[in-house]
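One letter stands for each residue in the lines below.
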Amino acid sequence: MNTFLSVIPPVVVIVLALCSKNVLASLFVGIVIGSVILNGAGFIPPIVDEYFIRGIGSNGSILMCMMLLGIMLNFIKQGGGFKAFAEWSEKRIKSSRQTAISIFFISLLLGVAGSLGQISISRFMRPAIYKTKLPKEKSALIVASVCSNTGTLLPFGLMLIFVSGLISALDMDGFTIYLSSWPYFFFAFISIIMAGLIAFGIFPDLGRMKKIEYAMKTSATDEVFTDDEEMRDVLGGPEVKADIWAFILPITLLLIGLASVSMLIGKPTITAGILIGTVTAAVYDLVKGSVSFNKLTGCIVRGFQDMAGIYLILVFAFAFGIVVTDLGFAGYMVNMVSGFLSIHLVPLITFLLCCIISYATGSLSASAVIVVPLSLPLAVTTGASLPLTTAAMLSGSLFGDQSSPISDNVILPATSAGVDPVDLSKILAPYRLITFVICTALYGILGFIL
């Protein structure tokens, strides 16, 4: 459509989500409004037949990874892996600062494994989070700022293959351009550095995070893990015996499998690594006897149930992404700013445009798929820096994808930490705003220099 009507569903969803804190209902309202705009009186059938089915189909690998991760984490829990890690952290971690630092470095390590860190870190660190009175919101903030950006900066992984593939479709050397733009991935670098400074207590708490931190430190009650429902949910309960190998083996083989299978097939893949980790966790529990063969199916089902909330939100988010794409929201935004483009402003406008599109859609890919075919040929034609423009596109896409309450990169770490995704997006807002200002200045200045 590429008209003003395409703006209505994203704006409604964002405003409704921020006001109601109900992401799922907000997404559904956006899907319905978008379907009405696209289909008129016949808006009901396409909601399921078109948008949900296409959303699930185009993101099937992500949803499958979520399911496998949930199953793997449940087997680790039943094998005593999380309980062993909790006992280790209880002996070694004595302060909230040490907890935050541990979460930061674990996020750097597990960032290579895609969504694994976002889903698991705040879960298996929860005993230390409670014991040292680190706000769970700060744990989610650090994980959300580190995991995804670590994967972006690695010289391999899904981000490289995705972006370089988009560029290669334009008859350009996508791999070379991606690597040459690496020094200008300002959003990823700044986000990781800021998260590290927050973890070490060097960067001050801002906005809602400051109020939460103060309330936590002045609270008269000590939240600790006991033999209650929450302990059973996170650590497996009193009948589970601690075993650190139940944690180490699956995670190690997941990372090894990720690297070896990617090299074997000649392109990055995470699904094989996650499958290897899941099978390893299940087999280890069977051999050790912590899970009997008769209870194997029950463990698999419970693992999927643990992911049900995240899974459902993602399904709705992907369907909404299809609606926004069909409405031509990105094309409309591109047409609006096309008159402002010049050789020196190409990187800056590319960055700002991707920020808007990715925030409104909750999707990095939505902005990248639309903007890459427009901005990169324009950069070549006008003589603007191609690496800088590529990096601006990715940074802008990352900004929205890691700020929007309807993005999986906010939903996953929030849900893992037990935080509402809308609350996390509000907590992230001042930190993301600082990063946004710095990136805007850098892409604006370097556009005139490079």
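Please read these numbers as outputs of a predicted model, since none were measured by experiment.

Further remarks concern the overall build of the protein chain. On a plain count of helices and strands, the protein chain comes out with 24 helices and 0 strands. A buried classification covers 55% of the 450 residues belonging to the protein chain. Contacts in the protein chain between residues at least 24 apart in sequence constitute 79% of all its contacts with a sequence separation of at least 6. Summed over its atoms, the accessible surface of the protein chain is roughly 18,300 Å², and 69% of this surface lies on carbon and sulfur atoms.

For helix α6 (residues 96–110), with 15 residues, the first-to-last C-alpha span of 21 Å sits near the 21 Å given by 1.5 Å per residue. Every buried residue belonging to α6 is among Thr99, Ala100, Ile101, Ser102, Ile103, Phe104, Ile106, Ser107 and Leu110, and all of these are buried.

You can see Asn149 is positioned in helix α9 (residues 136–153). Among residues more than four places away in sequence, those in contact with Asn149 are Phe187, Ala188, Ser191, Ile192, Leu398 and Gln402.

Summed over all chains, the structure comprises 0 disulfides. The thiol of Cys354 is unpaired, and the distance to the nearest cysteine sulfur, on Cys355, comes to 7.4 Å. You can call Cys354 buried: its relative accessible area is 0%.

Attention now moves to the environment of Gly383. As for its position among the elements, Gly383 is in the loop between α21 (364–382) and α22 (386–401). For Gly383, a relative accessible area of 53% translates into the label exposed. In this structure, the C-alpha to C-alpha distance between Gly383 and Leu450, residues 67 residues apart in sequence, is 9.9 Å.

Our next topic: a nonpolar patch on the surface. On the surface, a cluster of nonpolar side chains totalling about 360 Å² of accessible area is made up of Leu275, Val279, Val283 and Val287. Looking at where Val283 falls in the secondary structure, it is placed in helix α16 (residues 271–288). For Val283, a relative accessible area of 43% gives the class partly exposed.

Bringing the nonpolar core into the picture now. Counting residues in hydrophobic clusters, the biggest one holds 120 residues, and the most contacted among them are Ile31, Ile121, Phe124, Met125 and Leu394. Counting residues per element, this core draws most heavily on helix α18 (residues 308–327), which supplies 12 residues.

Between helix α15 (residues 245–265) and α16, the shortest axis-to-axis distance is 7 Å and the interhelical angle comes to 150°. Looking at the two axes, α15 sits roughly antiparallel to α16. Seen along the crossing, α15 lies across α16 with a hand that is right-handed. Here Trp245, Ala246, Leu249, Pro250, Leu253, Leu254, Gly257, Leu258 and Val261 of α15 come into contact with α16, specifically with Ala272, Gly273, Ile274, Ile276, Gly277, Thr280, Ala281 and Tyr284. Its residues placed into classes, the contact of α15 with α16 shows 13 nonpolar, 4 polar and no charged.

The next subject is α22. Relative to the 22 Å expected for 16 residues at 1.5 Å per residue, α22 spans 23 Å between its end C-alpha atoms, a close match to the ideal helical length. In terms of burial, α22 is a largely internal element, 15 of the 16 residues being buried. N-cap assignment for α22: the residue whose side-chain oxygen lies 3.2 Å from the backbone N of Leu388 is Ser385.

As a rule of thumb, non-glycine residues mostly have phi less than zero, and peptide bonds are mostly trans rather than cis. Of note in this structure, Lys133 is not a glycine but carries a positive phi near 60°. Topologically, Lys133 is positioned in the loop between α8 (126–131) and α9.

On inspection of all chains with the given rule, the structure shows 13 aromatic pairs. Where Trp182 meets Phe189, the ring centres are 5.0 Å apart and the plane angle is 90°; that geometry is what we call edge-to-face. Here Phe189 falls in the partly exposed class, since its relative accessible area comes to 24%.

Per the counting criterion, the structure on display carries 6 salt bridges. Residue Glu50 pairs with Arg54 through a salt bridge whose shortest N-O separation is 3.3 Å. Here Glu50 and its partner Arg54 are both found in helix α3 (residues 44–58), 4 residues apart, which amounts to about one turn of the helix. Across the pair Lys138 and Glu213 runs a salt bridge, and its minimum N-O distance is 2.8 Å. Of this pair, Lys138 sits in helix α9 while Glu213 is found in helix α13 (residues 207–217), placing the two residues 75 residues apart along the sequence.

What follows deals with the confidence of the model for the protein chain. Looking at the protein chain as a whole, its pLDDT mean stands at 81, while 85% of the residues score no less than 70. Counting contacts from residues 224–228, a segment whose pLDDT is below 50, to residues more than four positions away or on other chains yields 10 contacts.

A word on the side chain of Ser145. On the secondary structure map, Ser145 appears in helix α9. The buried category is assigned to Ser145, whose relative accessible area is 4%. Of the polar contacts made by the side chain of Ser145, one reaches the backbone oxygen of Leu141; its length is 2.8 Å. Residues in contact with Ser145, not counting those within four places in the same chain, are Ser191, Ile192, Ala195, Leu428 and Arg432.

What follows deals with the packing of helix α20 (residues 346–361) against α22. Where α20 meets α22, the closest approach of the two axes is 7 Å, and the angle between their N-to-C directions is 25°. With respect to α22, the axis of α20 lies roughly parallel. The handedness of the crossing between α20 and α22 comes out as right-handed. Contacts between α20 and α22 pair Val346, Pro347, Thr350, Phe351, Cys354, Cys355, Ser358 and Tyr359 from the former with Leu388, Thr389, Ala392, Met393, Ser395, Gly396, Ser397, Phe399, Gly400 and Asp401 from the latter. Considered class by class, the residues forming the contact of α20 with α22 number 10 nonpolar, 7 polar and 1 charged.

Reading the values: rules and limits
- Residues numbered from 1 in each chain as written.
- Predicted model: local features only at pLDDT ≥ 70, side-chain atom pairs only at ≥ 80, totals over all residues.
- Heavy atoms only, no water.
- Helix = DSSP H or I, 4+ residues; strand = E, 2+ residues; numbered from the N terminus.
- Buried < 20%, exposed > 50% of the residue type's maximum accessible area, 1.4 Å probe, protein only.
- Contact = heavy atoms within 4.5 Å.
- Areas by Shrake-Rupley, 256 points an atom, 1.4 Å probe, with all protein chains shown as cover.
- Expected span 1.5 Å × (residues − 1).
- Disulfide = S-S within 2.5 Å.
- Patch = residues over 30% accessible without salt bridge, like charges linked within 9 Å, V, L, I, M, F, W, Y side chains within 5 Å.
- Salt bridge = Lys/Arg side-chain N within 4 Å of Asp/Glu carboxyl O.
- Core = buried A, V, L, I, M, F, W, Y, C linked by side-chain atoms within 4.5 Å.
- Axes fitted to C-alpha atoms, helices over the stretch in contact; angles between N-to-C directions.
- Parallel < 35°, antiparallel > 145°, perpendicular 65-115°, else oblique.
- Left-handed = near helix turned anticlockwise from the far one by under 90°.
- Nonpolar A, V, L, I, M, F, W, Y, C, P; charged D, E, K, R; others polar.
- Polar contact = N/O pair within 3.5 Å; in protein donor to acceptor, adjacent residues only side chain to side chain.
- Phe/Tyr/Trp six-rings, centres within 6.5 Å; stacked < 30°, edge-to-face > 60°.
- pLDDT = per-residue confidence, 0-100.

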